[in-house]
Amino acid sequence: MIYDPFEAFRAEVHNFIRNSLESLYPEVSSKVVISLEDPPPGHGDLAFRCFEVARHLGVSPEEVSKAISSRAKEFTFRYVSKVVSESGYVNFYMNLDEVVSLMCSTLNDLGEKFGFNPAPHTHTVLVEFLSANPIHPIHIGGARNAILGDSLSRLLTWRGHKVLRHFYVDDVGRQVAIAAFGFNLLGRPSPWTKPDHAIGYIYALTSSLIEVCRLKESLKRAKALGKDDYYRAKVSKLDEWMRVIIELKERNPSLFEVFIDKFEKVKDPEAEIRALMKRYEAKDPEAVDLIRGMCNLVLSGFKQTLDRAGIYFDSFDWESEITVWSGLVIDVIRKLEATPYVTYSDGALVFMANRLVRDFDLADELKIPKNYEVPSLTLIRSDGTTLYTTRDIAYTLWKFKRADKVINVIGVEQKITQLQLKLALIALGYKSLAENLVHFGYELVNMPGYKMSSRRGRYITFDELMEEAVKKAKAEVDTRSPHLPIEVRRSIAEKVGIGAIKYAFLSVSSLKPVTFRWSKVLNFERNSAPFIQYAHARAFNILTKAGVRSIPHEINPSLLRTDAERDLLVRLIRFPRIIAEAADKLRPDLVAEYANDIAISFNSFYDKVPVIRSESEDLRNARLWLVNVTRIVLRNSLNILGIAAPQRM
RNA sequence: GGCCCCGUAGCUCAGUCAGGAAGAGCGCCGGCCUCCUAAGCCGGUGGUCGUGGGUUCGAAUCCCACCGGGGCCGCCA
């Protein structure tokens, strides 16, 4: 069974080069890594660069490329039709008849699943993503995470891996306790709006008021001590938080009044929050009822959002249950204590990550910069409670009971923590697990002139994002396709709007900080999901009009003579290759770029070449075949990106 | 202070891992709907690849220094 027709061509080229180097330059052939690249348009389908070989030999690259290409005459190729030496490169042209014949057999085997390209060794991969704090709505940063995680998961599935999508519900931390404290103070009201938005408001309000209390306390002390600079700094901070509180008041004045009233009667909110955290870790039923009740409300809001976005999870893993109540985290701590890398410092238990790095000389392997000292990690606070990363060590072990590889989709700001996590695994003797733990980092999303902050209740939610995009898409559909029934137009707008958002996040490298701009997300032209979706709808339309039954299983590629046809065909052949590369490198953006290229190629073809009214029946069939493959490739690419492929627009 | 990421066309970004042929989209200018959906197509415009050194026959890509933007260095997550 052949999954990747292009690979046959590539392998033949690779083989030829290896063979040529061995017979022409036996002294250097072992030193050279043969890497093949895509030549610029008009220079064939694969290129070999001769500069490295030439350097070893002390001759010109042209001499090498000529020597290699002249050997082609003695070689019997199946998938290569032409070998040309050009300015130090050997360019290889595909034998379309043979490669397309392979492609036909792949298509006949896989049908609509064309592109599926299993890795030589497949694994069970657990992808943890989103894991948004269950105390506020998913905002645009979370949207980026969710969209990336979803697409990565889909991509790995297309590479034959078994993928488990996990959401880690961080219900043990301090933030949850703050929100729960506020929620309880209000008498655990039933949400007056979407539940995650309601709790988000309560959380912002509670945490802002607590911040203000803290600042007032430190102001008093600063005044008593006469520290003027410090005092002024605190005053300006206090001012800022007071503005936040005024903002929050304006958003819901009546609830605000009720809350303030109750909050002021609490003597020491800080102590209550700490107590709540301790009670929850101890699984006190009352605390469990409160916190679980609130988290479940927020999660029900998350599920609504994710449902609309077409993003799903196989499992929601409660941190409390898996790590604390099960005793797993205590277990892990005991085992760590038995290593030489843990010590007590001011009553807290600390993991000396850097000593481990030094003892085992791990810096190179883990790509830790020279002379960089990995910070120590506090495992247990002096009050006996555990910290997030400590629990995460336990959670990671839990994950590896279920998977061979673990990918964490987490912001790059947690890079050090993720490194400490890996080091903790090594300290525990699980080096092989550490090697299979991947931090898929992504940069944060910024707003121009707006500082986003969950604690301040300042964020753009995923819900708003979808609402806006769908609204804009609806207006477009209404003007372009007024004849369609309203339900159809709505459904198209939903697919187009949400697709546009996803594409906007997926088409840039995850390590690029994104400055959020509506104009980018609401771009429906080239280099956008709607552009690709449109090409798909056009392809679908041709097939519908032609009558789907008439698509042939085999074609003669020599019928496809124009540049537009050949260009499209040659790109389509590469689809399985792109999936393999994107999956192995964890680069969904490669699929986004590829799909956009196919759409460009297809639109050009669409404009220049008639399909239904081709000159002959054979030609018509060949073109229908091409259109059908385009449709499959576009739809599957969009599927990998988590974007719907509408049949009309 | 130490470390990490980013800096490529007016704007948003590919290309940097493995040095060798600067590339999209938006914008701007001009053309194309008696013909399968114009969310389209065709042509044009536009770049000291942050700056300065170094290595090399050859640097956007590797090394060093610096500049600008962001992040991290918590008994937060």
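The structure presented is a predicted model; accordingly, all values stated were derived computationally and were not measured. In every chain, residue numbers begin from 1 and rise along the written sequence. Ligands are numbered from 1 and chains lettered from A, in the order in which they are written. Only residues with pLDDT of at least 70 get local features here, since the model is predicted, and only at 80 or more are side-chain atom pairs given and counted; chain-wide, interface and lining totals rely on the full set of residues. As a rule here, side-chain values cover all heavy atoms of the structure and leave hydrogens and water aside.

**Considering the sheet that holds strand 2 (residues 46-49)**
Pairing between strands is defined by DSSP: at least two bridges between them are needed. Only DSSP runs of H or I covering at least 4 residues are called helices, and only runs of E covering at least 2 are called strands; the numbering of each starts at the N terminus. Taken together, four strands build an open sheet; the order of strands is 1-2-4-3 and the sheet is antiparallel. Only two strands of the sheet have a single partner each, and these edge strands are strand 1 (36-37) and strand 3 (80-86). Relative to strand 2, strand 1 is paired through two bridges, and the arrangement is antiparallel. Paired with L36 across the strands is F48, a residue of strand 2. Residue contacts follow a heavy-atom distance rule, with two residues in contact if any of their heavy atoms lie within 4.5 Å. Only the contacting stretch of a helix is used when fitting its axis, a line to C-alpha atoms as for every element, and angles between N-to-C directions run 0 to 180 degrees. Along the sheet, helix 4 (residues 61-70) makes contact with strand 2, strand 3 and strand 4 (89-94), crossing strand 3 at roughly 160°.

**So, the domain arrangement of chain A**
Partitioning chain A into structural domains gives domain 1 (5-94), domain 2 (124-173 + 316-446), domain 3 (174-299) and domain 4 (462-640). Each domain's extent is set by a domain assignment, obtained either automatically or from a database. On a C-alpha basis, the centroid separation for the pair domain 1 and domain 2 is 45 Å.

**Observations regarding the packing of helix 8 (residues 195-225) against helix 12 (residues 285-309)**
When two helices pack together, you describe them by how their axes are tilted relative to each other and by the distance separating the axes. Helix 12 packs onto helix 8 with a crossing angle of 130° between their chain directions and a minimal axis gap of 7 Å. When the interaxial angle is binned, helix 8 and helix 12 end up oblique. Within the contact between the two elements, helix 8 uses P195, D196 and I199 and helix 12 uses M294, L297, V298, S300, G301, F302, Q304 and T305. Here is the rule for angles: anything less than 35 degrees is roughly parallel, anything more than 145 is roughly antiparallel, 65 through 115 is roughly perpendicular, and the remaining ranges are oblique.

**Considerations on helix 23 (residues 563-573)**
Exposure is judged per residue with a 1.4 Å probe applied to protein chains only, and the accessible area is read against the type maximum: over 50% gives exposed, under 20% gives buried, and values in between give partly exposed. Within helix 23 the residues assigned to the buried category are A564, E565, L568, L569, V570, L572 and I573. Looking at the buried side of helix 23, the elements it contacts are helix 1 (5-24), strand 4, helix 5 (96-110), helix 24 (575-585), helix 25 (588-608) and helix 26 (617-641).

**Topic: the sheet that holds strand 7 (residues 315-318)**
Spatial ordering of the open sheet is given by 7-6-5-11-12, a layout of five strands whose pairing is parallel. Looking along the sheet, the strands with just one partner apiece sit at the ends: strand 7 and strand 12 (437-442). The sheet shows a mean angle of 25° between the axes of neighbouring strands, direction not considered. Here strand 5 (residues 124-128) pairs with strand 11 (residues 405-411) via four bridges, running parallel. In the strand pairing of strand 11, L126 is matched with V406. The strands that helix 12 touches are strand 6 (162-169) and strand 7; relative to strand 7, the one it contacts most, it runs at about 155°.

**Section: the protein's contact with RNA strand B**
Surveying the vicinity of RNA strand B reveals 64 residues, the closest of which are D170, R480, R526, Y534 and N541. By the criterion applied in these results, polar contacts are pairs of N or O atoms within 3.5 Å in which, for protein atoms, one can donate a hydrogen and the other can accept it, and in which residues neighboring in sequence qualify only through two side-chain atoms. Here a base oxygen of RNA strand B and a side-chain polar atom of R55 are 3.3 Å apart. Take L511: an N or O atom from its main chain is 3.4 Å from a sugar or linking oxygen of RNA strand B. Mapped onto the surface near RNA strand B, the elements with two or more residues apiece are strand 2, helix 3 (51-57), strand 4, helix 16 (388-400), helix 17 (415-427), helix 19 (462-480), helix 22 (529-546) and helix 25. Of all the elements, helix 22 adds the most residues to the surface near RNA strand B, at seven residues. Looking at side-chain class alone, the surface near RNA strand B contains 28 nonpolar, 15 polar and 21 charged residues. Consider each residue's heavy atoms; a residue with any of them within 4 Å of a molecule or strand counts as near. Under the grouping applied here, Gly and all other residues not named as nonpolar or charged are polar, the nonpolar ones being Ala, Val, Leu, Ile, Met, Phe, Trp, Tyr, Cys and Pro and the charged ones Asp, Glu, Lys and Arg.

**Things to note about the side chain of S153**
Within the secondary structure layout, S153 lies in helix 6 (residues 140-158). Overall, S153 belongs to the buried group, its relative accessible area being 0%. If near-sequence neighbours (up to four positions away) are discounted, S153 is found in contact with V127, F129, V163 and R165.

**As for helix 7 (residues 174-185)**
Spacing of three or four residues puts side chains on the same side of an α-helix, whose turn is 3.6 residues. To estimate how far a helix should reach, multiply one less than its number of residues by 1.5 Å. Its 12 residues place the ends of helix 7 17 Å apart at the C-alpha level, agreeing with the 16 Å of an ideal helix rising 1.5 Å per residue. Burial of helix 7 is extensive: nine of the 12 residues sit out of reach of the surface. Taken as a whole, helix 7 has its buried residues at V176, A177, I178, A179, A180, F181, G182, F183 and L185. Those residues of helix 7 that are buried lie in contact with helix 8, helix 10 (253-264), helix 11 (269-281) and helix 12. Downstream of helix 7 by one or two residues, G187 has phi in the positive range, about 80°.

**Some thoughts on the confidence of the model for chain A**
Should pLDDT be low for a region, the predicted coordinates there are not to be read in detail. Per-residue pLDDT for chain A has a mean of 92; in total, 99% of the residues score no lower than 70. Across the chain, each position has a pLDDT score giving the predictor's confidence in that residue, from 0 to 100. The lowest-confidence element of chain A is helix 21 (residues 518-521), averaging 78 in pLDDT; the highest-confidence one is strand 5, averaging 98.

**Some details on unusual backbone geometry**
Positive phi values are uncommon outside glycine, yet K283 reaches one of about 65°. You can call K283 partly exposed: its relative accessible area is 47%. Positive phi outside glycine occurs at K367, with the angle close to 55°. With respect to the element layout, K367 can be found in the loop between helix 15 (353-360) and strand 10 (377-380). Overall, the relative accessible area of 74% leaves K367 in the exposed class.

**Thoughts on the environment of Y79**
Here Y79 lies in the loop between helix 4 and strand 3. For the pair formed by Y79 and T305, sequence separation is 226 residues and the distance between their alpha carbons is 49 Å. Apart from the residues lying within four places of it in its own chain, the contact partners of Y79 are A8, F9, E12, Y93, M94, N95, E98, V99 and L102. Of the polar contacts made by the side chain of Y79, one reaches the side chain of R78; its length is 3.5 Å.

**A look at the pattern of salt bridges**
Two side chains of opposite charge can pair, provided their charged atoms sit close to one another. The salt bridge definition used is simple: a Lys or Arg side-chain nitrogen within 4 Å of an Asp or Glu carboxyl oxygen. Applying the stated criterion to the full structure yields 43 salt bridges. Residue K265 pairs with D261 through a salt bridge whose shortest N-O separation is 3.5 Å. Residue classification places K265 among the exposed positions, given a relative accessible area of 64%. A residue is classified by how much of its surface remains accessible, and D261, at 43% relative accessible area, is partly exposed. Across the pair K335 and D331 runs a salt bridge whose closest N-O atoms are separated by 3.5 Å. Of this pair, K335 and D331 both sit in helix 14 (residues 328-337), four residues apart, which is roughly one turn of the helix. Where salt bridges share partners, they join D4, E7, R10 and R577 into one cluster.

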